[in-house]
Each structure stands twice: as C-alpha cells, then as structure tokens.
Amino acid sequence: MKLIADTGKCVGAGQCVLTEPKLFDQSEDDGTVIVLDDSPQGALLEQARTAVLICPSQALSLLE
Amino acid sequence: MTTVDQPALEFPVARTCPFEPPAEYRQIREEEPITKVRLPEGGQAWVVTKHEHVRQVLGDPRFSADRQHPDFPATVAGRRMIAKDDERPLISLDAPEHTQARRAVVGEFTVRRIEALRPRIQQIVDESIDRMIAGPRPADLVQALSLPVPSLVICEMLGVPYADHEFFQAHTTKMINRLIDPAARRAAFESIRDYMDDLITRKEADPPDDLLGRQIAKLRAEGSYRHGAMVSLGFLLLLAGHETTANMISLGTLVLLRNPEQLAALRSGASSTLDAVEEMLRYFTIVDTATARLCVEDIEIGGVRIRAGEGVLALGYAANRDPDAFDDPDAFDIERGARHHVAFGFGPHQCLGQNLARTELQIVFDTLFGRLPTLELAADVDDLPFKDDASIYGLYGLPVTW
C-alpha cells in the first residue's frame with residue numbers, strides 16, 4: 001500500500017499529524033502535509049486508514 | 001421527493017434540551033434527510049442531516065461559503081448586513097482566494113506549534129484554578145475558568161491586550177445573540193471591528209513578534225498585505241478563539257460530572273482525555289448552523305437535486321447524531337472513537353484553531369478534575385442558564401463547588 005498526499009488539496013488542519021505523527025508532519029510555512037513514511041505496515045497502516053477517512057480536504061489516499 | 005411552495009419548518013430550531021438535538025433533527029434525518037425549510041428572513045434553504053451528506057456538501061467546491069452573496073442563506077435575520085466587502089473574512093472566501101489566505105496563517109496553528117504552547121496554557125489553567133480555589137464556594141466555573149483560559153491564550157497568541165477582554169467579551173455576547181435587535185448586533189460588531197482596526201494600525205507601525213505582527217510582516221514581504229483583510233482575520237481569530245472553547249469547557253465539565261464512571265476512567269488514566277474531548281465535541285456540536293453554503297452549480301446529493309442559487313444548511317449536530325456514522329449516537333461514550341465527527345466542520349473551511357481547542361480542553365479537564373476530585377455541580381441541571389438564544393451553544397454560568 002502506498003500512502004499519497006495531495007498537497008494542492010491539503011488545508012493544513014493537522015488531523016493526520018494528530019492521528020499518527022510517525023506518518024505525517026506539517027510544513028512550518030503553510031501547514032500542508034508532509035508524508036514521513038509512504039509505505040506503512042501493520043498498526044501504522046491502520047492509522048493511515050484512519051487519517052485518510054478523517055482528512056477534511058480528502059487530500060490523502062492509499063493505493064494498492 | 002416533493003417540494004412544497006412554503007416549507008412548514010423554520011430554521012434555526014432552538015435547542016430545548018442541552019443534551020439532545022431538537023426533535024425535528026431526528027425526524028428530518030429519518031424521513032427526508034435533505035429537505036427544504038424556511039429561513040428567518042423569509043427565504044428557503046435545504047437542510048442536510050446525514051453525516052455522509054454533510055461531508056459531501058462541505059467538501060465540494062460546488063458549494064460556496066460566500067456569506068456576502070445576496071442568495072447566501074442567512075440563519076439570523078439581518079446577519080448579511082454586518083459584512084464589509086473589503087474585509088471578507090476567511091470563512092467567506094472560496095478557492096483559490098481561500099486556499100491562499102488560509103495557507104498564509106495556518107502555519108501558526110500546526111500541531112507542533114500548538115504543542116509548543118502547552119506549558120504556557122498549563123500555567124494559565126493552573127493560575128485560573130488557583131484563583132478559583134482561593135475564592136468563595138460555590139464558584140461560577142464560566143467566570144473562573146471557561147472564559148479566562150481561552151481568552152488569555154488567544155490574546156497572547158494574537159497580541160491583543162488581555163486588559164480589554166471585558167470589552168470584547170461583552171460585545172461578542174451581543175453579536176452572537178440571535179434574539180436581540182439586528183441594529184444592536186451590528187453596533188456590537190462595529191465596536192469590535194473598530195477596536196481591531198486600531199490594534200492592527202498600531203501593529204503596522206512596527207510589527208511585533210505575535211501572530212498578527214508576523215502575518216503583517218510576512219504578507220508585506222510577499223506583496224499581498226491588505227489592512228482590511230488583517231482586521232477581519234484578527235476579528236475572526238479573537239472571536240472564534242475564545243467563545244467556542246469557553247463553551248466547550250463549561251459543557252464538557254457538566255457532561256463529565258453527569259457521567260461519573262466515565263470521569264473515573266479518565267482520572268485513573270484508563271480512558272484518554274483527548275478521546276473524551278472528541279466525544280464532547282460530537283455530543284454538543286455547539287456551532288451548528290454556521291456551516292451554511294450556497295450552491296453555485298447544480299448537484300445531486302443523496303438523490304436530491306440541489307440547484308445553483310439555492311442555500312444549504314449542513315447541520316453538523318444532526319450529522320453527529322446520525323446512527324449510520326455513530327452507534328447509539330445519543331449516548332455519551334468517551335470510548336466510542338468519535339474522531340470522524342463534524343463539530344469542527346469539514347472540507348477546506350474546517351476549523352483553523354481545532355488543535356488549539358483540543359489542547360486547551362485536554363489541559364483544562366486533566367487539571368480541573370486532577371486538582372479538584374470532589375468537584376460537583378452546585379445547582380440543578382434544569383436551573384442552569386443555557387445559551388438557548390445564541391448561535392454558539394453553551395452556558396452563561398455554571399455554579400460548582402468542591
């Protein structure tokens with residue numbers, strides 16, 4: 001599974017960082033998402049799914 | 001789907017019970033989840049009540065947030081006149097202007113930036129509780145804790161003198177009261193606006209190292225600085241920063257006191273305070289009708305055709321009690337996993353200060369119940385002054401003792 005972030009859509013709400021700081025960070029400048037690990041496994045993959053579901057701008061996706 | 005010429009139901013519907021949405025919400029959600037209602041000024045709008053549909057509306061660019069548009073659904077009579085065109089707030093902008101304006105400021109609200117404020121927030125909470133303990137019992141939690149904590153925090157962040165808090169709190173109370181005369185509401189709005197205008201003018205002379213000063217310096221360097229936009233940003237952050245969190249401190253304390261087993265689980269560390277905060281946000285959804293939109297391009301949602309020019313109220317409170325999104329939705333359950341609630345809205349306008357609010361609430365509840373394990377209500381719930389007349393729900397007072 002590949003974790004993809006569309007920074008063009010991102011609104012910097014920070015919900016992904018709140019969900020899993022091991023997977024996500026935010027740009028200091030404009031708050032947009034930075035993916036720290038784009039191939040999460042196990043429990044981290046579950047956290048990634050939660051982040052995808054919650055993201056208010058639907059900027060995150062998981063690709064097979 | 002049938003549409004009658006004049007819908008029977010008028011919105012907004014007042015809350016009659018502090019812990020339950022108006023009965024109409026459930027009825028609409030179950031019978032006709034997207035339906036037309038009358039508005040206070042006589043027009044009509046769709047109300048959207050399912051969680052799935054509310055997320056769709058708030059996430060789709062075919063719905064505009066432009067509160068200045070003549071067709072935008074006004075949920076309070078006379079609201080539209082309180083906006084100046086050259087000072088359109090962030091909440092009224094659409095992409096791409098909105099994206100640019102939000103990105104300019106959202107760096108101040110990242111999870112990491114808010115985390116760095118934690119020690120100072122803790123200190124503010126400790127000092128407020130110290131003063132409450134030193135005073136008489138019962139105490140009014142609203143005056144002792146709910147108002148001063150978020151107010152001090154946002155004042156320090158923005159660089160607004162806290163000494164002026166009584167002035168802007170009094171005017172805010174009038175501004176968000178749905179029942180007072182629109183002229184009085186407008187006067188309250190103008191007072192805070194003029195105050196912010198003066199403050200921004202002073203900061204422009206020599207931008208200080210606070211949020212507003214940094215914004216001025218940054219936007220000037222980019223060549224996109226506009227005085228009016230900064231006045232409206234300062235106004236929005238000041239209002240949103242103290243009023244909403246204050247109400248959640250009061251209501252959250254109340255609901256925890258009413259659920260002693262869950263409170264005990266929090267105190268023992270068996271449950272997480274952040275999870276409890278998410279559940280409180282869902283359970284009360286204090287900002288409900290603010291998530292209105294104007295349809296700018298025909299769209300079908302939930303089998304209903306919504307046409308360009310029609311207004312929509314995406315009812316977060318109805319969505320947050322939707323059984324298709326939350327099991328047993330009317331139960332308060334801090335363990336349920338409520339993070340997909342829409343109490344902060346959804347889509348590009350989702351609350352900018354949400355992580356500040358979460359952090360403040362977490363620190364307040366951990367500290368309050370940690371230091372005062374015997375805290376209890378000093379009044380009957382039925383006698384509490386709930387804000388039935390305000391567009392942001394909450395409590396005017398909360399007598400507590402310990």
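What counts, and where the lines are drawn
- Residues numbered from 1 in each chain as written.
- Chains lettered and ligands numbered in written order.
- Predicted model: local features only at pLDDT ≥ 70, side-chain atom pairs only at ≥ 80, totals over all residues.
- Helix = DSSP H or I, 4+ residues; strand = E, 2+ residues; numbered from the N terminus.
- Rg over C-alpha atoms; globule rule 2.2 N^0.38 Å.
- Buried ≥ 20, exposed ≤ 12 C-beta atoms within 10 Å, placed from the backbone.
- Contact = placed C-beta atoms within 7 Å.
- Pairing = 2+ DSSP bridges.
- Nonpolar A, V, L, I, M, F, W, Y, C, P; charged D, E, K, R; others polar.
- Core = buried A, V, L, I, M, F, W, Y, C linked by C-beta atoms within 7 Å.
- pLDDT = per-residue confidence, 0-100.

**Side note on the overall build of chain B**
Along chain B, the regular secondary structure elements total 15 helices and 10 strands. Relative to its length of 402 residues, chain B is compact, with a C-alpha radius of gyration of 21 Å against a globular reference of 21 Å. Seen through its principal axes, chain B has C-alpha atoms that stretch 60 × 55 × 40 Å. Out of the 402 residues in chain B, the part that is buried amounts to 45%. Of the contacts formed within chain B by residues at least 6 apart in sequence, a portion of 73% connects residues at least 24 apart.

**As for the overall build of chain A**
Counting secondary structure elements, chain A contains two helices and four strands. Projected onto its principal axes, the C-alpha positions of chain A cover 30 × 20 × 15 Å. When each of the 64 residues of chain A is scored for burial, the buried share is 39%. Counting contacts in chain A only where the partners sit at least 6 residues apart, residues at least 24 apart contribute 56% of the total.

**Some details on the sheet that holds strand β10 (residues 399-401) of chain B**
Residues and elements named next belong to chain B. Taken in spatial order, the three strands make up an open sheet running β4-β10-β9, and their pairing is antiparallel. The sheet is open, and its two borders are formed by β4 (139-140) and β9 (376-377), each paired with just one other strand. Across two bridges, β4 lies against β10 in antiparallel orientation. In the strand pairing of β10, Asp-140 is matched with Pro-399.

**Details of the interface of chain A and chain B**
In this complex, chain A contributes 16 residues to the contact, which on the side of chain B involves 17 residues. Where the side of chain A that touches chain B is concerned, the elements lending two or more residues are α1 (15-19) and α2 (42-54) of chain A. Split into classes, the residues belonging to the side of chain A that touches chain B amount to seven nonpolar, six polar and three charged.

**Considering the sheet that holds strand β3 (residues 63-64) of chain B**
All names here are of chain B. Within the open sheet, the five strands sit side by side as β1-β2-β8-β5-β3. Their pairing is mixed. Strands at the two margins of the open sheet, each flanked by one partner only, are β1 (34-38) and β3. As defined by bridge partners, strand β5 (residues 292-295) adjoins strand β8 (residues 311-314) across three bridges and the pair is classed as antiparallel. Paired with Ala-292 across the two strands is Leu-313, which belongs to β8.

**Comments concerning the pairing of strand β1 (residues 2-5) of chain A**
Residues and elements named next belong to chain A. Burial of β1 is one-sided: the residues Leu-3 and Ala-5 facing one way are buried, the residues Lys-2 and Ile-4 facing the other way are not. Strand direction decides the pairing type here: β1 and strand β4 (residues 60-63), joined by four bridges, are antiparallel. Looking at β4, one finds that Ile-4 is bridged to Ser-61.

**Looking at the nonpolar core**
One finds Val-48, Val-312 and Leu-315 of chain B to be the most contacted residues of the largest nonpolar core, which totals 125 residues. In this structure Val-48 of chain B touches Ile-34, His-53, Val-54, Val-57, Val-312, Leu-313, Ala-314 and Leu-315 of chain B, once residues within four positions along its chain are discounted.

**Considering the environment of Thr-75 of chain B**
Residues and elements named next belong to chain B. With respect to the helices, strands and loops of the structure, Thr-75 is situated in the loop between β3 and α3 (97-106). For Thr-75, a count of 20 C-beta atoms within 10 Å corresponds to the buried category. Taking C-alpha positions, Thr-75 is 9.0 Å from Arg-178, a pair spaced 103 residues apart along the chain.

**Concerning the confidence of the model for chain B**
Reading predicted coordinates in detail is not appropriate for stretches of low pLDDT. Summing up the model confidence of chain B, the mean pLDDT is 93 and the portion of residues at 70 or higher is 97%. The ipTM assigned to the predicted complex is 0.96, against a pTM of 0.95.

**Side note on the pairing of strand β2 (residues 44-48) of chain B**
Strand residues, when the strand is regular, have side chains that alternate between the two faces of the sheet. Residues and elements named next belong to chain B. Burial runs high along β2: four of the five residues are buried. Once β1 ends, the chain turns through five residues before running back antiparallel as β2, passing Gly-42 with a positive phi of about 105 degrees. Pairing geometry for β2 and β8, over four bridges, is parallel. What sits directly across from Val-47, in β8, is Leu-313.

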